[in-house]
Amino acid sequence: MTGGTEQTAAPATGRRGRRAADLPTLVERARAGDARSVARLISLVEDASPLLRDVAAALAPYTGSARVIGLTGPPGVGKSTTTTALVRAFRARGQRVGVLAVDPSSPFSGGALLGDRVRMQDHAGDPGVFIRSMASRGHLGGLAWATPQALRVLDAAGCDVVLVETVGVGQSELEVASLADTTLVLLAPGMGDGIQAAKAGILEVADVFVVNKADRDGADETVRDLRSMLSLGGRHTRAGAWRPPIVRTVASRDVDSGVDEVLARIDEHAGWLASSGEGDRRRLERAAREVEAIAVTGLRERMGEVGGSVALEALAGRVVAGETDPYRAADELIAQL
Ligand SMILES: Nc1nc2c(ncn2[C@@H]2O[C@H](COP(=O)(O)OP(=O)(O)OP(=O)(O)O)[C@@H](O)[C@H]2O)c(=O)[nH]1
Ligand SMILES: [Mg+2]
């Protein structure tokens, strides 16, 4: 990928008028690793451009090979620092890496998350790294919608690995977890992180736990808390299930950071995904959810058109007159969509 982060810092969101005829060229260039074209394609999907369908169709044949690794955890826990270290590790293996930093609370896109960008400058100018920040409040609202499209762009652009960092807490983290092949949940000593994590339900989605800032007091306690919570049950206690390992890291260190061990666990998890069939199952479920979300959005739009329509009023009239009941009327309405 030529250009690296410098060019992606200014995505071409202004080019909304791009004609469908340009798409094959854009996709071809993105596949050749041109960072500008990748940025443009992501902007198109993020903006829910009218070309979205065409973009999705054009990318489809070239997707399905990238490994998606999600990083989630409380604000300030060290997600970006860990992401940067992992990018370095994957690059050392000669792999192409994409990074999506998703901020569910931000109405901004492209230029958001300046802090992440600054830290990621480590990788600026590396043509094998593509970094993009995304806000989740797109036109259709919600992370689950735009992020998979952006992942697809990076996948088609030849990224072997895509790291997805989610900022924030709650439902959005869970949504991102559902997009990843392997989900890392980061915690740090203190801050009552363990309890927060349990509340947000992220313990259930973790494939690897990372207790970062292990240079601080209380790391042992955090590991203990985690172990005892994990012993209480959950999906990982079933026979043949993956038992999420707990790794301690000091991600901000250049040496002995523990990030190599995180990488080793990620690889082990990838092996388990392949041998257990869980990897295929996750991907199927991911696709099913995506199709469902798009279908439901389409139905909602059409229902919106139904509001106040002649058909609806006629059905309402028959309900009032006692000629039909609201359930049958609703069935009829759905049948008409
Ligand atoms: N002491 C210590 N500090 C760390 C460690 N890892 C990261 N930090 C520092 O913690 C701060 C937050 O790190 P980030 O990587 O930005 O954390 P984040 O989870 O990405 O933060 P948000 O994206 O804002 O949620 C930075 O100042 C890092 O330098 C660590 O292992 N030990
Ligand atoms: Mg961050």
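Not measured: the values here are computed from a predicted model. (Residues numbered from 1 in each chain as written. Chains lettered and ligands numbered in written order. Predicted model: local features only at pLDDT ≥ 70, side-chain atom pairs only at ≥ 80, totals over all residues. Heavy atoms only, no water.)

Asker: For this particular structure, what's the right way to read unusual backbone geometry?
Answerer: The phi torsion at K213 lies on the positive side, around 60°, for a residue other than glycine. Note that K213 resides in the loop between strand 6 (208-211) and helix 11 (219-231). Here K213 falls in the partly exposed class, since its relative accessible area comes to 23%. With phi around 50°, D256 is a residue other than glycine that occupies positive phi space. By the element assignment, D256 lies in the loop between strand 7 (246-248) and helix 12 (259-276). (Helix = DSSP H or I, 4+ residues; strand = E, 2+ residues; numbered from the N terminus. Buried < 20%, exposed > 50% of the residue type's maximum accessible area, 1.4 Å probe, protein only.)

Asker: Is there a simple way to explain the packing of aromatic side chains in this structure?
Answerer: The description of two aromatic rings rests on the distance between their centres and on the angle between their planes. Under the criterion given, the structure shown has one aromatic pair. Between W242 and W272, the ring centres sit 5.9 Å apart and the planes meet at 40°, which makes this aromatic pair tilted. Remark: W272 occurs in helix 12 and W242 occurs in the loop between helix 11 and strand 7; sequence separation between them is 30 residues. Taking relative accessible area as the criterion, W242 reaches 14% and is therefore assigned buried. Judged by its relative accessible area of 18%, W272 falls in the buried class. Seen from the ring of Y62, R31 lies directly overhead, with NZ or CZ sitting 3.6 Å from the centre. (Phe/Tyr/Trp six-rings, centres within 6.5 Å; stacked < 30°, edge-to-face > 60°. Lys NZ or Arg CZ within 6 Å of the ring centre and 35° of its normal.)

Asker: Would you mind going over helix 3 (residues 35-46) with me for this structure?
Answerer: Two residues of an α-helix separated by three or four positions point the same way, owing to the 3.6 residues in each turn. The terminal C-alpha atoms of helix 3, which comprises twelve residues, lie 16 Å apart, in line with the 16 Å expected from a rise of 1.5 Å per residue. The buried count for helix 3 comes to eleven of twelve residues, which makes it a mostly enclosed element. (Expected span 1.5 Å × (residues − 1).)

Asker: Any chance you could explain the confidence of the model for the protein chain here in plain terms?
Answerer: Should the pLDDT be low somewhere, the predicted coordinates at that spot are not to be read in detail. Per-chain confidence: the protein chain averages 81 in pLDDT, with 78% of residues scoring 70 or above. Here residues 1-18 is modelled with pLDDT under 50, and outside its nearest four sequence neighbours on either side it reaches 44 contacts, counting other chains as well. Counting interchain partners and residues more than four positions distant, the pLDDT-below-50 stretch residues 107-118 has 24 contacts. (pLDDT = per-residue confidence, 0-100. Contact = heavy atoms within 4.5 Å.)

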